[in-house]
Amino acid sequence: MKKSEERLFNFDSIRKMEYLLTKKTAMLEACMEEKIVLLGGSSVLYGFNTNEMQRRLGKPTFNAGVNVGLGFRYMLDKIEPHLKPGDHVVLPLEFNQYTNPPYYVFGFGIDTFLHRSYWQNQKKYQQKWKLLLISLKHARSSATPEKLSRRKAARIADTGCYLGLDTQVRDPKTLNAIPFPETFEETKTMIEIADFIARCKANDIQVTMLPPVFYTKNMTTTWTEKLYDYFQETVAPELFRLTESEVYDSVYHANHEGQKRVTNQLIQQLLEREELVE
């Protein structure tokens, strides 16, 4: 793409996603020990302090969260090759992850605008014109002063999480609500997730499925309860639900206060599960 087009369509946000994914892939590849890997979108990136988890659990712990808009399978293609027997994968996936296509808009953006490999990957993507329009719209809107300052404020830790977001830059009342489906239907991504869990179990990799870190003012749990029933998981959908004061800038992004609380909850959840196994 020409430089004039890059100024018109700013792809810094998508470049940031590619950078994070590359960084996190390298972290996992370099670890030779049994490890804990938190896998998901930006609710994982913002929501869980893996530095603190590593300290308290005494085991290498990595935050592989990037953005739900990559698509679960796109993320998995990068991460799964670096999982080994004895690892423990934690899946606090965003609710949107289950309903989005396996290869989604920001994966499309990386392949198309950064890697220039659209033609090699086009069969992965559904509704390509829609993804193109969403990608270009995002590229036009992602370079506002507010968004740029937020990206600069976020400090990435050695274990892959964001730290130091001790403010609240968006009023939760102004955020769009999470679109929970009215009825439960199996999706291609749900099948991908179930297949991934089966592969992990076959390779002696433990998997713990949990709800995401999220904020919503109003919530009905019918769809979420059916979702976790589908995966044969007994889990409270509201386990990591944020309060208004714990939101950073999105319904899936916790500030420092929220991150600290839900990290403690996750540590307790993992310790309790280990006790049950023993």
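Residues numbered from 1 in each chain as written. Predicted model: local features only at pLDDT ≥ 70, side-chain atom pairs only at ≥ 80, totals over all residues. Heavy atoms only, no water.

**Student:** How should I be thinking about the overall build of the protein chain in this particular structure?
**Tutor:** Scanning the protein chain from terminus to terminus reveals 13 helices and eight strands. What you see for the protein chain is a C-alpha radius of gyration of 18 Å, in line with the 19 Å of a compact globule of 278 residues. Viewed in the frame of its principal axes, the protein chain has a C-alpha envelope of about 60 × 40 × 40 Å. Buried positions account for 53% of the 278 residues belonging to the protein chain. For the protein chain, contacts bridging at least 24 residues in sequence account for 79% of all contacts bridging at least 6. With the model as given, the accessible surface of the protein chain reaches about 13700 Å², and the carbon-plus-sulfur share is 50%. Of the side chains in the protein chain, 37 bear a positive and 35 a negative charge, and the two mean positions are spaced by 9 Å. (Helix = DSSP H or I, 4+ residues; strand = E, 2+ residues; numbered from the N terminus. Rg over C-alpha atoms; globule rule 2.2 N^0.38 Å. Buried < 20%, exposed > 50% of the residue type's maximum accessible area, 1.4 Å probe, protein only. Contact = heavy atoms within 4.5 Å. Areas by Shrake-Rupley, 256 points an atom, 1.4 Å probe, with all protein chains shown as cover. Lys, Arg positive; Asp, Glu negative; His and termini not counted. Charge placed at Lys NZ, Arg CZ, Asp CG, Glu CD.)

**Student:** Explanation requested: the state of the cysteines in the structure shown.
**Tutor:** According to the stated counting rule, one finds zero disulfides in the structure shown. Looking at Cys31, it has no disulfide partner, and the nearest cysteine sulfur is the one in Cys161, 15 Å off. Cys31 sits in the buried class, given a relative accessible area of 8%. Cys31 provides the cysteine sulfur closest to Cys200, a residue in no disulfide bond, and the two sulfurs are 16 Å apart. In this structure Cys200 comes out as buried when scored by relative accessible area, which is 1%. (Disulfide = S-S within 2.5 Å.)

**Student:** Help me understand empty space enclosed by the protein in this model?
**Tutor:** Space left empty within the atom packing is revealed by a probe, the size of a water molecule, rolled over the atoms. In the structure shown here, the tally under the stated rule is one cavity of 30 Å³ or more. By volume, the largest cavity amounts to about 40 Å³. As for the largest cavity, its lining consists of Tyr46, Tyr162, Leu163, Gly164, Leu165, Ala254, Asn255, His256 and Gln259. In the lining of the largest cavity, the residues fall into five nonpolar, four polar and no charged. (1 Å grid on protein atoms, 1.4 Å probe; cavity = no way out; pocket = protein on both sides within 12 Å on 5 of 7 lines; lining within 4 Å. Points joined across faces, edges and corners; volume = space filled by probe spheres on them. Nonpolar A, V, L, I, M, F, W, Y, C, P; charged D, E, K, R; others polar.)

**Student:** I would appreciate a short explanation of the environment of Gln127 in the present structure.
**Tutor:** Tracing the backbone through its elements, the reader meets Gln127 in the loop between helix H8 (118-121) and helix H9 (128-141). Sequence separation between Gln127 and Pro101 is 26 residues; the distance between their C-alpha atoms is 10.0 Å.

**Student:** Is there a simple way to explain the packing of aromatic side chains in this structure?
**Tutor:** Any two aromatic rings considered together are summarised by their centre-to-centre distance and by the angle between their planes. Per the counting criterion, the structure on display carries 15 aromatic pairs. On the basis of an interplanar angle of 80° and a centroid distance of 4.9 Å, the ring pair of Tyr46 and Tyr162 is categorised as edge-to-face. Of this pair, Tyr46 sits in helix H3 (residues 42-47) while Tyr162 sits in strand E5 (residues 162-163), and the two are 116 residues apart along the sequence. Like Tyr162, Tyr46 is buried. Relative to Tyr230, the ring of Phe184 lies with its centre 5.8 Å away and its plane at 50°, an arrangement referred to as tilted. Taken together, the positions of Phe184 in the loop between E5 and helix H11 (188-202) and Tyr230 in helix H12 (residues 222-230) put the pair 46 residues apart, joining distant regions of the chain. Through successive ring pairs, a cluster of aromatic residues spans Tyr103, Phe108, Tyr118, Trp119 and Tyr125. (Phe/Tyr/Trp six-rings, centres within 6.5 Å; stacked < 30°, edge-to-face > 60°.)

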